[in-house]
Amino acid sequence: MSQKDAYARLLSQHHSGKFRSYLDQFVQEQQLQAERNSSGGAELDGICVKRNQGGGKEPESCLSLYMEKLNERAVSVTEASGLKQGWIAQRQHNKRRGTSASQDGDVESGEEGHVRHANARQQEKQLKGTGSKASMAEMQSNQQQNKKKPKKKNTPKSKMEAKLDGSGCARDNGIIGRMVPKSHHEKAKAAQSQGKEVLEYVASGEKYCSVNYAVSRNMSTCELIFLQGPLRINPKKYHEAFIPSPDGTRDLFLDGVAARNRALNGDIVVVKVLPRDQWKVGAGAPAGSKVTCSSADVIVEAQYSDGEEEQTHTDALATRVEKMNIKTLGMACIRVVYIMEQKHSRAATGFLRFLSDKNFAMFSPMDHRVPRVNVPLADCPEDFPTRPGDYTNTLFVCRITDWPDDSTFAEGQLLKSLGMAGEIEPETEGILTDYDVDFSDFSDEVLQCLPQDLPWIISPEELLKRRDLREECIFTIDPSTARDLDDALSCRLLPDGNFEVGVHIADVSYFVQEGSALDLIASRRATSVYLVQKVIPMLPRLLCEELCSLNPMTDRLTFSVIWKLTPEGKILSEWFGRSMIRSCVKLSYDHAQSMIDSPDTLLDPKVLPPCDPKHPVDEIHRAVVDLHRLAQKLRAQRFQGGALRLDQLKLAFTLDRETGMPQGCYIYQYRDSNKLVEEFMLLANMAVAHQVYRSFPQQALLRRHPPPQAKLVDDLMEFCDQMGLNLDFSSAGALHRSLHETLGMDEYSSARKEVLTHMCSRPMQMAVYYCTGVLKEEALFRHYALNVPFYTHFTSPIRRYADVLVHRLLATSLACGPHLGLESDDIQKQASHCNDKKTASKRVQELSCELFFSVFVKECGPLESEAMVMGVLDQSFDVLVLRYGVQKRIYCNALKGLENFHFTKVGKKPELTLVWAPDDSDSRCVQQITIFTLVEVLLQADEIPTKYTAVLKHPCEAGPQGSAPLLDASCLLGSQDAAQ
């Protein structure tokens, strides 16, 4: 069934007499039940009943009331168009990029829809097959039977054995979630339990309600509003959580752990908006003000009964629905009522704590966003009850198996011991476990999918199907330590003065056959995970490092994109196809950079890796220099066309070869050789995106980057205005130009640019994969940062599964490969999974860097560095440590020698005044801390393993710059403007 706007489905059902008849009958039955259970309740079990003040009128279904309300409205075409885009954005659930973790977007799972369809059809059949009284009696009987059933605790169940627990959710080992019923019996049971679940939810307010109940209440007179989105918990303040608003412009607030209702970070949840008198103080709208709501945020698509024909009413309905203005919600408080999809693995790394007189121990996760867990003593080491002190610094892995709704503690199972905290390998395994990264060995079934006759050679039959490029001067440019070489470049001067430029990508899809065990594991892993000391590969190493890797002087299968370019970078023609290459040399970025820096001086062959004798060094040198000049032209065109790049400082390490411990660290330099490779990879990705979309407008797997969150951009603009910064946020290109052209080139301006880059990154949403058949408007396909209409990932199939799917689509479009066996829904589901895994991979990489840097600080610290303030709070401030590119928070209460401090805020400009106790002199030292203030910090190891702290040096000890009170940012900016 094709995906449609939720309101289109509702409207189609409203026009169906059969469905309307079912609703009317359902409302009458629920009214009878409401009258029996309460003396005058106006709403129960997903219906809305208007109290008849005059008496005599029949109660109307909530759908009828809602459609009547719709018929009284008229919305302009412009508003309807904006509404439609807002709805599509809501369904994609784009996540913003936060200051501490990056989030991807997500989409609604197709599996959940099967549950909803099954439940609706089963209820309809039950109600049609019996009279109203019989159906009512049966429902009450079912409720009484459910109440009599004893509750089982910690009953282990496999995924296949999980059953609906009476709350519309599935329990898999006691974990709340949702599942697809596997039989008609289970469908019937799910439908029969719905009456109980709503009564429980209404009574307690803390249970999970069904999605059908949420929809019904949402279509009432707006007493409740239900929304859906990915849950994001603040890692520094775990009692705060958010979901994005449907239009992606701001966040909605969940206050406290109880409001999350046992959902964990990343879960897709349904929330209800609480009444205004329960909103957080300081919300955007005044408490008690009236909310005008048109119920535009229904999160469940309506169901079609068997045999009903779908009708397209999206456009007609869009002109009649008034979208809820999410800006009126401000910092609205919300509460989770349902978990649509569990994204969190429910596994965590942490420490065990012994509890006397208890038959269980307390597991405390290192991630404070995960609850503390009671684990049976039987799961703990045998001597733990008698010698708990021996395990104080031991890391364990625990999985949550149950979380009672009346407890702040979960129940769980201890899985394994990792080793001592503070050691790199146990800590690394803990990080991988926390983010559900599969680092197990590949199974024999998977390995059997690889070529068994080694050494492998290309068959003559395969040679005939490909363009033979083995005689061309083709080479790779990668980091010196790289083993998975999945892209190569070529450049040849043509007789007419133009250039033939090729991008050649490893043909991974030749080895990873669709539907094989190898394909299944690759789709699950979705991406390789790069740690400081190693790589967790997506594919077996035989493919990553041998058969697919474009190693020098070895025949390899590739997918090529070849252009004819003018010296100014204008594309005259392009060619796509399967090919075969033989790389002549493996260059590092350092080698390529040396050629770029000295275009007229050949490198000594001794400093280069072995080269193919057919292609001398001067030929390779000339090709690299020509590619660099063309890349400069292409790059200039991109940024003139409105592209944006926000480069942030990246920390790299040198490791001891024997111990693997960090010996040193440095800021990674992004140089012209990196830009050369990047430009042609971007060009190939854009070219392939156009090709696959032209061929498969409903199945193309592309990558989009939504615009930044409007609320955060507005706040940042207000702050920049108050700081006297002339930044233009009107478009991606305008922001790029203002960041690079309005700031100076001195050391202070460079540091200020780094801080501003971090600030501008906060409103940005993450780019996400998507299937074009899901988004109906091409305007939503755009990539904001690149400012292009179509973009995808094609150039890294060894480490990204999305690229493998794109290769298959490209092969089909060129009639050189089998037809892709996936429908749009399947592609979208895989795209969503790739988004999740990419987000997890990025966070794991960041945590790996933090781990190694903390070990480096412990071994080589304390470390001194200049830092610039990038955020000010009432009792602390954040700094960017310029020498190492790390961000740390400095707490005023932890500063030795600080006598007192005072916080003030004017508009968006916060300021801390620090009063230091006098040293040898009698005078006190007063220091002003505001954004862009330069300070001296000391990084030192913390008592907690793998942690380090940043301490502000006393201004009287910080050298000439800190010997006097620091000027605030406005004074510094004024002095620089005067100097210029």
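Counting restarts for each chain: residues are numbered from 1 in the order of the written sequence. Per-residue local features of the predicted model are confined to residues with pLDDT of at least 70, and side-chain atom pairs are confined, for both listing and counting, to 80 or more; whole-chain, interface and lining totals are unaffected and use all residues. Just so you know, side-chain values use all the structure's heavy atoms and leave hydrogens and water out.

Colleague: I'd love a proper account of the overall build of the protein, names of residues and values included.
Modeller: Tallying secondary structure elements over the protein gives 26 helices and 36 strands in all. Two residues qualify as a contact provided that any one of their heavy atoms is within 4.5 Å of a heavy atom in the partner residue. Considering only contacts within the protein whose residues lie at least 6 apart along the sequence, 70% involve residues at least 24 apart. Here the protein displays about 43500 Å² of accessible surface, and carbon together with sulfur accounts for 50% of that area. The way it works is that DSSP assigns letters per residue, a run of H or I at least four long becomes a helix, a run of E at least two long becomes a strand, and they are numbered from the N terminus. Residue-level accessible areas treat just the shown protein chains as cover; the underlying method is Shrake-Rupley with a 1.4 Å probe.

Colleague: Could you give an account of the UniProt feature "site: Important for catalytic activity" (unreviewed entry) in the protein, with specific residues and numbers?
Modeller: UniProt positions are given in the numbering used here, feature names are shortened, and annotations may be inferred rather than shown by experiment. In this structure's numbering, the residues bearing the UniProt feature "site: Important for catalytic activity" (unreviewed entry) are D486. Mapped onto the fold, D486 is located in the loop between β17 (474-478) and β18 (487-493). Overall, D486 belongs to the buried group, its relative accessible area being 4%. When sequence neighbours within four positions are dropped, the list of residues in contact with D486 reads H504, I505, A506, L550, T795, S796, P797, I798 and R799. Classification of residues uses two cut-offs on accessible area relative to the type maximum, computed with a 1.4 Å probe and protein chains only: under 20% is buried, over 50% is exposed, and between them is partly exposed.

Colleague: I'd like a rundown of unusual backbone geometry, residues and numbers included.
Modeller: Peptide bonds are, in most cases, trans, and in most cases residues other than glycine have a negative phi. Of note, the amide linkage connecting L454 to P455 takes the cis form, showing an omega dihedral of 0 degrees. A cis geometry characterises the amide bond from G861 onward to P862, with omega recorded as 0 degrees. In this structure, P862 sits in the loop between α25 (824-860) and β29 (863-872). Phi is positive for T946, which is not a glycine, with a value near 65 degrees. Mapped onto the elements of the fold, T946 is located in the loop between β35 (934-941) and β36 (948-952).

Colleague: Describe in detail the sheet that holds strand β8 (residues 251-255), supporting the description with residues and values.
Modeller: Pairing between strands is defined by DSSP: at least two bridges between the two strands are required. Here three strands make up an open sheet; going across it, the order is β6-β7-β8 and the pairing antiparallel. Strand pairing shows two members of the sheet lacking a second neighbour, β6 (232-233) and β8, which therefore form its edges. Direction of pairing for strand β7 (residues 240-244) relative to β8: antiparallel, over a ladder of five bridges. Within β8, the position partnered with A241 by the bridge is L254.

Colleague: Tell me about the sheet that holds strand β13 (residues 373-376), and name the residues and values.
Modeller: Spatially, five strands are ordered β11-β12-β13-β15-β14 in a closed barrel, and the strand pairing comes out mixed. The mean angle between the axes of side-by-side strands here comes to 50 degrees, regardless of whether they run parallel or antiparallel. In terms of strand pairing, β13 meets strand β15 (residues 410-420) through two bridges, oriented parallel. Note on β15: the bridge partner recorded for V373 is A410. The angle between two axes is taken between their N-to-C directions and runs from 0 to 180 degrees, where each axis is a line fitted to C-alpha atoms and a helix contributes only its stretch in contact.

Colleague: Which residues make up the pattern of salt bridges, and what are the values?
Modeller: Side chains bearing opposite charge may pair, as long as their charged atoms lie close to each other. The term salt bridge refers to a side-chain nitrogen of Lys or Arg lying within 4 Å of a carboxyl oxygen of Asp or Glu. In this structure the tally under the stated criterion is 35 salt bridges. In this structure, the salt-bridge partner of D519 is R808, at a minimum N-O distance of 3.0 Å. Taken together, the residues span a long stretch of sequence, with D519 in helix α16 (residues 517-525) and R808 in helix α24 (residues 801-813) at a distance of 289 residues. Relative accessible area serves as the criterion here: at 9%, R808 is assigned to the buried category.

Colleague: I'd love a proper account of the packing of helix α12 (residues 424-434) against α25, names of residues and values included.
Modeller: The interhelical angle for the contact between α12 and α25, taken along N-to-C directions, is 160 degrees, at an axis separation of 10 Å. Between α12 and α25, the angle is such that the two are roughly antiparallel. Our pair here, α12 against α25, has a crossing hand that is right-handed. Between α12, through I424, E427, T428, I431 and L432, and α25, the contact on the second element is made entirely by V844, L847, S848, L851, F852 and V855. Residues are sorted three ways: Asp, Glu, Lys and Arg are charged, Ala, Val, Leu, Ile, Met, Phe, Trp, Tyr, Cys and Pro are nonpolar, and all the rest, Gly among them, are polar. Classifying every residue of the contact of α12 with α25 by side-chain character gives eight nonpolar, two polar and one charged. In what follows, roughly perpendicular refers to angles from 65 to 115 degrees, roughly parallel to angles under 35, roughly antiparallel to angles over 145, and oblique to any angle outside these ranges. Should the near helix be turned anticlockwise from the far one by less than a right angle, the crossing is termed left-handed; should it be turned clockwise, right-handed.

Colleague: Tell me about the nonpolar core, and name the residues and values.
Modeller: The set of buried Ala, Val, Leu, Ile, Met, Phe, Trp, Tyr and Cys residues whose side-chain atoms join them within 4.5 Å is what this entry labels a nonpolar core. Core analysis: the largest hydrophobic core is formed by 98 residues, its most contacted members being F475, L489, L676 and F680. At 11 residues, helix α20 (residues 672-695) tops the list of elements feeding residues into this core. In this structure, F680 is in contact with L489, V501, V503, W563, L565, L627, L630, A631 and L634, ignoring residues within four places of it in sequence. Core analysis: the next-biggest nonpolar cluster, separate from the first, contains 70 residues, Y748, L851, V881 and C925 among them.

Colleague: Before we move on, could you go through the environment of V806 and cite the residues and values that matter?
Modeller: Assignment of secondary structure puts V806 in helix α24. Taking the relative accessible area as the measure of exposure, V806 reaches 1% and is therefore buried.

Colleague: Explain the packing of aromatic side chains to me, and be specific about the residues and the numbers.
Modeller: Side-chain rings of Phe, Tyr and Trp, where Trp is taken by its six-membered ring, are said to pair if the distance between their centres is within 6.5 Å; with planes under 30 degrees apart they count as stacked, over 60 as edge-to-face, and otherwise as tilted. Scanning the entire structure with this criterion turns up 17 aromatic pairs. Taking 5.5 Å as the distance between ring centres and 50 degrees as the angle between the ring planes, the aromatic pair formed by F242 and F253 counts as tilted. With F242 in strand β7 and F253 in strand β8, the pair connects residues that are 11 residues apart, well separated along the chain. Among the residues examined, F253 registers a relative accessible area of 1% and is labelled buried. Ring-pair connections join several aromatic residues into one group, and the members of that group are F354, F384, Y391 and F396. The rule for a charge over a ring is simple: NZ of Lys or CZ of Arg within 6 Å of the ring centre, and within 35 degrees of the ring normal. Its guanidinium or amino end placed over the ring of Y670, R645 lies 4.4 Å from that ring's centre, counting from NZ or CZ. The ring centre of Y948 lies 4.2 Å from the NZ or CZ of K888, which sits over that ring.

Colleague: Hey, could you go over the packing of α16 against α25 for me, with residue numbers and the actual values?
Modeller: One can describe the packing of α16 onto α25 by two numbers: an axis separation of 8 Å at closest approach and a directional angle of 55 degrees. One way to sum up the angle between α16 and α25 is to call them oblique. Where α16 abuts α25, its residues S523, R524 and R525 lie against Q830, H833 and K837.

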